[in-house]
Every structure is written in structure tokens, then in C-alpha cells.
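Coordinates in review
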Amino acid sequence: MHQTPSRNRTRPQAGHALFACCAVLLTILCTGCRERAEAPEQIRPVRAVRVGDISPFRGRQFPGRAEALQFADLSFRVSGTLQSLPVRVGGSVDKGEVIAQLDPRDFRVRVRGAEASLARARAELARTEVEFERVNQAFQGGAVSEIELVRAREAVNIASATVDAIGAELESAQDDLTDTTLRAPFSGEIAVRYIENFQDVQPRQPVLRMFDDSRIRFTVFVPEQLMILLAAVEEIRCEFDSFPGLEIPAEVDEIGREADDITRTFPITLVLDQPEGLRILAGMTGRAWVHSIRLPDDLPDEFDVTPSAIGEDADGVRFVWVIDEQRSVATKRPVQVGAMSPFGIRIRGVERGELIATAGAAFLREGQRVRIMETASIEDAVLPVLESTPIRGRQSE
């Protein structure tokens, strides 16, 4: 009689406990959903370049080292004993001047032997030609058989081939005799003497190094973001640590077409004249900078960009990612791609001053938020080569 009320009291308690457990589980699930819904949007870091902006060149300096315009390690093409080495380190020589001489006696003997062999071969050729004429006349008169005429003709051919072979040997011997004399290939100075008189020399063994520093080569390394701006450069100047305050005009001689795998910089070779009253020596360090920049009055709506900035969709449409600087959002912009230029690929469809993504552009999607990377993090690895001011992914002040 007393057990039934007890069971009735237990059922509401169990119901309350079950309701409490369900509420807790529902709260946990809702919280997890809310956390997933509130997960922050992924922000893609990219590097960017401002189209047509030349301000990154202003105030930028590029270190480098001087080299002679021409230099060469000189050697003999034949072996022998060095007989004469009349030049000294630092001495000036003219083009064609004798700067080293091997003992030529053995080579002269070879030439005389080849000349004698050639004279003998020519005499044999003359004899076989006379014999052929005699046999041919006899054959015309029916005095000899055709086989005799064929043998006489073969003798002439063999003698002629012998003359050609010995003539080639004589020419080779004469060339070797000429190669015992080492002459200056250009006017310049002697930088190094690798051997001394009376030493035995092997073919291609360096004997002297000479150089011509009437003009100076100066190589700097330019980041890929600045390569597309070289077309606007009007004047470049250099300054060397040994001559502070002396600004020397320079001109671009060579533009590297392949970036370094590590530093992602391109070699640019400048050429400059020696300053009056002073002399820049090979190995001197200095820096170069853009002294003046010129933009044409009728600016076209074409711009040079790095190849990494251009993408292509499944339909074959070329595009670039234009970055909205206020919202930090990337937008796909179709462009017309033109020909290659010395400074990149020429495109149409963007406006001067717009910011387009370069590195990291392959991973973007429409409307994605981006963060413009400062290239200082990359130039930390480049610093031993560049030692220059970092470029930021925004317009320079």
C-alpha cells in the first residue's frame, strides 16, 4: 500500500533529470555552432606592387662592387718552356704587344720537317701526273690496256691526297709555332703573373691576367618589384666609398632576365667612365641610385607587371588581383596581355596607382581579405646582397 506513492514520486524526479541533461547537451551544441559560425575569416598574406608607381625608386640605394670593363686570364695553346716574360704586374701593354714567349726551337723543327715532306709530296704528285699523261697517250694509241690507265689515275689521286694531308700538317705546325708567342688581346694592364721565367708550361695553363679599366662595370641587384620601373629611369649615379661625395653618372649596360633563386633579385650591370684626375680600381665598393626619373607626357594605359601577377582561369581569360586598400579585399580584374618587355609583361585593364597582388596571387579567391606583406621579411635574407631600405606594400611617402 505504501510502495505505490513512492514510485509516483520517483517518476517526476527522473523526468526533471532527463530534461536537465537535454538542456545541457543543447546548450553545448549551440555553443559549438556559435563558435564555428564566429570563426574568423582567413586573411591571405600577399605581396603587391602599385601599377605605374615610381616612388619606390626615390631615395633607394643599391650597393655594388667595381669591376674592370675587360679582363682575361691568358694562356698558351701549346706546351713548352717559358723563355721570356717581359711584363710586370701593374705595367701597361698595348693590343698585339708580346707579353710572353715559349722556347720555339722544337716547333721550328716541326715546321721545317713538314715543309720538306710537303716538297717531296709535291714532287711525287708532279711525277705521277707526267706518268698519267704518258699512259693516257699510249692508251689512245692502243699500246696499253685500260687497267694501266686506271692505275696511273689512282696514283695521281693518292699523290694529290698526300699533298693535302702534309699541307694540313704544315699549317698545324705553323700555328703551333705562332702560339709560342703570347700577345695582348687588348690594351690594358697586367694584374697577375701566375708563373716565372724558365718554368715548363702546359696548354691552357694561366700565365698572366690582364684587364682594361678605362671604363668600369658596376653590378647591382634590384628586387623584382622594381624591375618594372626601370623604363622610367632617366639618369643613374654612383658613389664609391673611397671617394665620398663624388657622384659619377652611369648607364645601364646589361639587364638580367632571371632572378636569383634565393634573393629574388635581378642583376643590373652599369657602365661608367673613370672620373677625371682619379682612378676607380677593380674591387672598390660603392652604391648606385636613381638620380632622375622621367615619365612621358602622353602616358599610355599600358603597364609592365611581373609574370607572377597574371593568372588564367579555366576559360583562358587572363586576369590580375586588384586590392581594395580601404577594405583589404582582392577582386579579380580581367586584363589584356601584350608582349614581353625588358621589364616584365605589358597589360591593359588596370589604372595607374592601383595595387595588384604579385606573390601569393595564385591562392586568392574573389572577395578574399588580404594582408599586404612588408617585403622586409624577405629582404632579411637578401640583406647581405642588397643592404638597402625595405620596400613596403603601400605607396611610398
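Reference entry: report on the structure contained in this document. (Residues numbered from 1 in each chain as written. Predicted model: local features only at pLDDT ≥ 70, side-chain atom pairs only at ≥ 80, totals over all residues. Heavy atoms only, no water.)

1. Quick word on the overall build of the protein
Of regular secondary structure, the protein possesses 5 helices and 22 strands. In the protein, which comprises 397 residues, the share counted as buried stands at 36%. Accessible area for the protein stands at about 23,900 Å²; split by element, carbon and sulfur atoms hold 52% of it. (Helix = DSSP H or I, 4+ residues; strand = E, 2+ residues; numbered from the N terminus. Buried < 20%, exposed > 50% of the residue type's maximum accessible area, 1.4 Å probe, protein only. Areas by Shrake-Rupley, 256 points an atom, 1.4 Å probe, with all protein chains shown as cover.)

2. Some points on the pattern of salt bridges
Taken as a whole and judged by the stated rule, the model has 20 salt bridges. Here R279 and E189 are joined by a salt bridge, their closest N and O atoms 2.8 Å apart. You can see R279 sitting in the loop between β13 (265-273) and β14 (285-293) and its partner E189 sitting in strand β8 (residues 188-193), a full 90 residues away along the chain. Taking relative accessible area as the criterion, E189 reaches 16% and is therefore assigned buried. For D213, the salt bridge identified is with R279, shortest N-O distance 2.8 Å. (Salt bridge = Lys/Arg side-chain N within 4 Å of Asp/Glu carboxyl O.)

3. Quick word on the environment of A259
Residue placement: A259 occurs in the loop between β12 (243-255) and β13. A C-alpha to C-alpha distance of 9.3 Å links A259 and V222, two positions 37 residues apart in sequence.

4. Notes on unusual backbone geometry
Positive phi is not limited to glycine here, since F198 has a value of about 75°. With respect to the element layout, F198 can be found in the loop between β8 and β9 (200-201). The backbone of R204 sits at a positive phi, close to 70°, despite the residue not being glycine. With respect to the helices and strands, R204 occurs in the loop between β9 and β10 (206-223).

5. Examining the packing of aromatic side chains
Between two aromatic rings, the relevant description is the distance of the centres plus the angle of the planes. Following the criterion strictly, the structure yields 2 aromatic pairs and no others. Geometrically, the ring pair formed by F218 and F240 is edge-to-face, given 5.4 Å between the ring centres and 80° between the ring planes. Placement of the pair is F218 in strand β10 and F240 in strand β11 (residues 233-240), with a sequence separation of 22 residues. Judged by its relative accessible area of 0%, F218 is buried. Ring geometry for F319 against W321: centres 5.7 Å apart, planes inclined by 85°, an arrangement best described as edge-to-face. Of the two residues examined, F319 and W321, each falls in the buried class. A cation over an aromatic ring shows up here: K332 above the ring of F319, its NZ or CZ 4.5 Å from the ring centre. (Phe/Tyr/Trp six-rings, centres within 6.5 Å; stacked < 30°, edge-to-face > 60°. Lys NZ or Arg CZ within 6 Å of the ring centre and 35° of its normal.)

6. Side note on the sheet that holds strand β6 (residues 98-102)
Ordered in space as β7-β6-β4-β9, the 4 strands form an open sheet in which the pairing is antiparallel. For this open sheet the edge positions go to β7 (181-183) and β9, each flanked by a neighbour on one side alone. Taken together, the 3 bridges between β6 and β7 define a ladder with antiparallel strand orientation. The partner of Q101 across the bridge, within β7, is T181. (Pairing = 2+ DSSP bridges.)

7. A word on the side chain of D179
Here D179 shows up in the loop between α3 (146-178) and β7. Excluding its chain neighbours within four sequence positions, the residues that come into contact with D179 are F76, R77 and V78. (Contact = heavy atoms within 4.5 Å.)

8. Description of the nonpolar core
Counting residues in each nonpolar core, the largest one holds 25 residues, and the members touching the most others are F218, C238, F240, L270, L272 and I280. Taken together, the elements giving at least two residues each to this core come down to β3 (61-75), β10, α4 (224-227), β11, β12, β13 and β14. If we skip the residues at most four places from it in the chain, L272 touches R215, I216, F218, C238, F240, I248, P249, A250 and I280. Counting residues in each nonpolar core, the second largest holds 20 residues, with F76, V93, I99 and L182 among its members. (Core = buried A, V, L, I, M, F, W, Y, C linked by side-chain atoms within 4.5 Å.)

9. Observations regarding helix α2 (residues 105-140)
Between its terminal C-alpha atoms α2 stretches 53 Å, which fits the 52 Å expected from 36 residues at 1.5 Å a residue. Buried within α2 are the following residues: F107, V111, A114, L118, A121, L125, T128, F132, V135 and A138. (Expected span 1.5 Å × (residues − 1).)

10. Overview of the pairing of β13
Judged by how many residues are buried, β13 sits mostly within the fold: 7 of 9 residues are covered. Examined bridge by bridge, β10 and β13 share 9 bridges and lie antiparallel to one another. Counted as the bridge partner of F221 is P267 from β13. Bridge count for β12 against β13 is 4 bridges, and the pairing is antiparallel.

11. Regarding the pairing of β8
As defined by bridge partners, strand β5 (residues 92-93) adjoins β8 across 2 bridges and the pair is classed as antiparallel. Residue pairing across strands places S92 opposite E189, the latter belonging to β8. Looking at chain direction, β8 and β10 are connected through 4 bridges and run antiparallel. Paired with I190 across the two strands is M210, which belongs to β10.

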